[in-house]
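Chain by chain, the residues run as shown.
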Amino acid sequence: MGKKELDWANIGFSYIKTDYRYVSNYKDGKWDDGEITTDANIVMSEDAGVLHYAQECFEGLKAYTTEDGKIVTFRPDLNAKRMVDSAARLEMPQFPEDRFIDAVEKVVKANQDWVPPFGSGATLYIRPVMFATGNVIGVKPADEYQFRIFVTPVGPYFKGGAKPIVVKISDFDRAAPHGTGNIKAGLNYAMSLHAIVTAHEEGFAENVYLDAATRTYIEETGGANIIFVDENGTLVVPKSHSDSILPSITRRSIVYVAENILGMKVEERYVKLEEVSSFKEMGLCGTAAVISPVGKINDHGKEICFASGMDEMGPTIKKLYETLTGIQMGKVEAPAGWIHEIK
Ligand SMILES: *Cc1c(COP(=O)(O)O)cnc(C)c1O
């Protein structure tokens, strides 16, 4: 078996069915041993809890090939922990963190011919998902679940360089105060779809959501955390009064890189929409793009333009982006435990 014959640079970001997936089922109060299977379909009852009361959470991470030919993933322990937190909030059983890592290793290894080669810019996207398969009709947690991990190769996020995007301040809310905004649950995305389709129709790449209670503080976008650089070169990272920002692993890694590798000052604090016009640079961070530069925010017709402009990434965000992707690709020495080799 050799690498699959794919045009790696042009596969885009959509589902391509690969050969193997990992499945473990929860029944009678415990997870079974789990196995690698070729069956990409799921058969479940019409009364499964996930279909009615949206008991589902997921994760997203990537495997890729480093320059010296190793297949690695980036901080999968944090995905394992975050999925435990998501499951707890949704009254789902927790999939043990060590078993999560073991399952990631097994499914990536089984599909190693699908891991894009170094230099292609493409990666193998890994999607762990957990959902209620048990029957429920009255509203309550189900008693049976499935944990599954499948993988799909995805193309480079930025083809021909990262171009700044334009985002809008949304009139919709992403997450209620003290609701489920801080966990990775599909339900948060279901309610963001109308908002993102509307934003796209209006010509914007993303929605910036404000805090739902007062609509004065910056929270995040539909699927990425936000970072700013202020006029002193400080990295400013929005915090939520109501715990409704998803704890992005990319954002936490950027904060660490800024403080400990680049020697930058970092402020994690509440950020008012009205102060954003004083900032110099803005970026969106998440696993898929690492950092997407933002050139402009449209606030109900009023434009907030960042000094970095619409042609390229601002200099500070570029430095963060290059350092973090350098760590991921093995060009910059990684902090202990960040790079997890699949052997
Ligand atoms: C997944 C996600 C992010 C990004 O998290 P990463 O761990 O960096 O990929 C940000 N915001 C939301 C709402 C998300 O679901």
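> Got a sec to walk through the overall build of the protein chain? Specific residues and values, please.
Within the protein chain one finds seven helices and 18 strands. Its C-alpha atoms give the protein chain a radius of gyration of 20 Å, within 12% of the compact-globule value 20 Å for 343 residues. Seen through its principal axes, the protein chain has C-alpha atoms that stretch 55 × 50 × 35 Å. Buried residues in the protein chain amount to 52% of all 343 residues. Taking the intrachain contacts of the protein chain between residues at least 6 apart in sequence as the baseline, contacts between residues at least 24 apart amount to 71%. Counting only carbon and sulfur atoms, one obtains 50% of the accessible surface of the protein chain, whose full area is about 15600 Å². Looking at charge distribution, the protein chain has the averaged site of its 37 positive side-chain charges lying 2 Å from that of its 48 negative ones.

> Give a detailed account of the domain arrangement of the protein chain, specifying residues and quantitative values.
For the protein chain, the assigned domains read domain 1 (8-154) and domain 2 (165-328). One C-alpha centre belongs to domain 1, the other to domain 2; they are set 26 Å apart. On the side of domain 2, 21 residues touch domain 1, which itself brings 21 residues to the contact. In total, about 1600 Å² of surface goes out of reach between domain 1 and domain 2, with carbon and sulfur atoms giving 63% of it. Interface area lost by domain 1 to domain 2 is led by Phe58, Phe74 and Arg82, which between them contribute 35%. Run the count over domain 1 and domain 2 and you get zero salt bridges. Seen at the junction of domain 1 and domain 2, the total is nine residue pairs in polar contact (both at pLDDT 80 or more). Secondary-structure elements contributing two or more residues to the side of domain 1 that touches domain 2 are β4 (56-58), β5 (61-65), β6 (71-74) and α2 (76-89). Looking at the side of domain 1 that touches domain 2, the element that brings in the most residues is α2, giving six residues.

> Tell me about α2, and please be specific about residues and values.
Here α2 spans 20 Å end to end across 14 residues, near enough to the 20 Å set by a 1.5 Å rise per residue. Those residues of α2 that fall on the buried side of the exposure criterion are Pro76, Leu78, Asn79, Ala80, Arg82, Met83, Val84, Ser86 and Ala87. Glutamate 91 sits one or two positions beyond α2 and adopts a positive phi of about 55°.

> Which residues make up helix α7 (residues 315-329), and what values do they have?
In a regular helix each residue adds 1.5 Å, so 15 residues correspond to 21 Å; α7 covers 21 Å between its end C-alpha atoms and thus fits that length. Those residues of α7 that sit buried are Thr316, Ile317, Leu320, Thr323, Leu324, Thr325, Gly326, Ile327 and Gln328.

> Please set out the site of the ligand residue by residue, giving values where relevant.
The ligand sits among 15 residues. The nearest are Lys184, Tyr189, Ser248, Thr250 and Thr287. Side-chain polar atom of glutamate 220 to a nitrogen atom of the ligand: 2.6 Å apart, as the coordinates give it. Side-chain polar atom of threonine 250 to an oxygen atom of the ligand: 2.6 Å apart, as the coordinates give it. When the free accessible area of the ligand is taken as 380 Å², the share hidden by the protein chains comes to 96%. Per-class residue counts for the shell around the ligand are four nonpolar, seven polar and four charged.

> Please provide a residue-by-residue account of unusual backbone geometry, values included.
In this model, arginine 215 sits at a positive phi of 55°, which is unusual for a non-glycine residue. Looking at the secondary structure, you find arginine 215 in the loop between β10 (206-210) and β11 (218-221). Of note in this structure, histidine 300 is not a glycine but carries a positive phi near 50°. The topology assignment puts histidine 300 in the loop between β16 (290-299) and β17 (302-305). Given the relative accessible area of 55%, histidine 300 is considered exposed.

> How would you sum up the nonpolar core? Please name residues and give values.
Of all hydrophobic cores here, the largest spans 33 residues; its most connected members are Val108, Ile126, Met130, Phe147 and Ile149. For this core, the elements supplying multiple residues, two or more each, are β1 (21-27), β5, α2, α3 (97-110), β7 (123-132) and β8 (145-154). For this core, the leading source of residues is α3, giving five residues. Beyond its immediate sequence surroundings of up to four residues, methionine 130 is in contact with Trp31, Gln55, Glu56, Cys57, Met83, Ala87, Met92, Pro93, Phe95, Gln146 and Phe147. In this structure, Ala162, Val257, Val290 and Trp338 belong to the second largest nonpolar core, which totals 23 residues.

> Describe the packing of aromatic side chains, with residues and values.
One pass over the full model with this rule turns up 15 aromatic pairs. Taken together, Tyr22, Tyr26, Trp31, Phe95, Phe100, Tyr145 and Phe147 form an aromatic cluster joined through their ring pairs. Over the ring of tyrosine 270 we find lysine 239, and its NZ or CZ is 5.2 Å from the ring centre.

> Which residues make up the packing of α2 against α3, and what values do they have?
When two helices pack together, their arrangement is given by the angle between their axes and by how far apart the axes lie. Packing of α2 against α3 leaves a shortest axis separation of 9 Å and a crossing angle of 130°. As summarised for this structure, α2 and α3 are arranged oblique, according to the angle between their axes. Between α2 and α3 lies a crossing whose hand is right-handed. Contact residues: α2 offers Pro76, Asp77, Asn79, Ala80, Lys81, Met83 and Val84, while α3 offers Glu97, Phe100 and Ile101. When grouped by side-chain class, the residues that make up the contact of α2 with α3 number six nonpolar, one polar and three charged.

Cut-offs applied
Residues numbered from 1 in each chain as written. Predicted model: local features only at pLDDT ≥ 70, side-chain atom pairs only at ≥ 80, totals over all residues. Heavy atoms only, no water. Helix = DSSP H or I, 4+ residues; strand = E, 2+ residues; numbered from the N terminus. Rg over C-alpha atoms; globule rule 2.2 N^0.38 Å. Buried < 20%, exposed > 50% of the residue type's maximum accessible area, 1.4 Å probe, protein only. Contact = heavy atoms within 4.5 Å. Areas by Shrake-Rupley, 256 points an atom, 1.4 Å probe, with all protein chains shown as cover. Lys, Arg positive; Asp, Glu negative; His and termini not counted. Charge placed at Lys NZ, Arg CZ, Asp CG, Glu CD. Domains from an automatic or database assignment. Buried area = accessible area lost by both parts, 1.4 Å probe. Salt bridge = Lys/Arg side-chain N within 4 Å of Asp/Glu carboxyl O. Polar contact = N/O pair within 3.5 Å; in protein donor to acceptor, adjacent residues only side chain to side chain. Expected span 1.5 Å × (residues − 1). Near = heavy atom within 4 Å. Nonpolar A, V, L, I, M, F, W, Y, C, P; charged D, E, K, R; others polar. Core = buried A, V, L, I, M, F, W, Y, C linked by side-chain atoms within 4.5 Å. Phe/Tyr/Trp six-rings, centres within 6.5 Å; stacked < 30°, edge-to-face > 60°. Lys NZ or Arg CZ within 6 Å of the ring centre and 35° of its normal. Axes fitted to C-alpha atoms, helices over the stretch in contact; angles between N-to-C directions. Parallel < 35°, antiparallel > 145°, perpendicular 65-115°, else oblique. Left-handed = near helix turned anticlockwise from the far one by under 90°.

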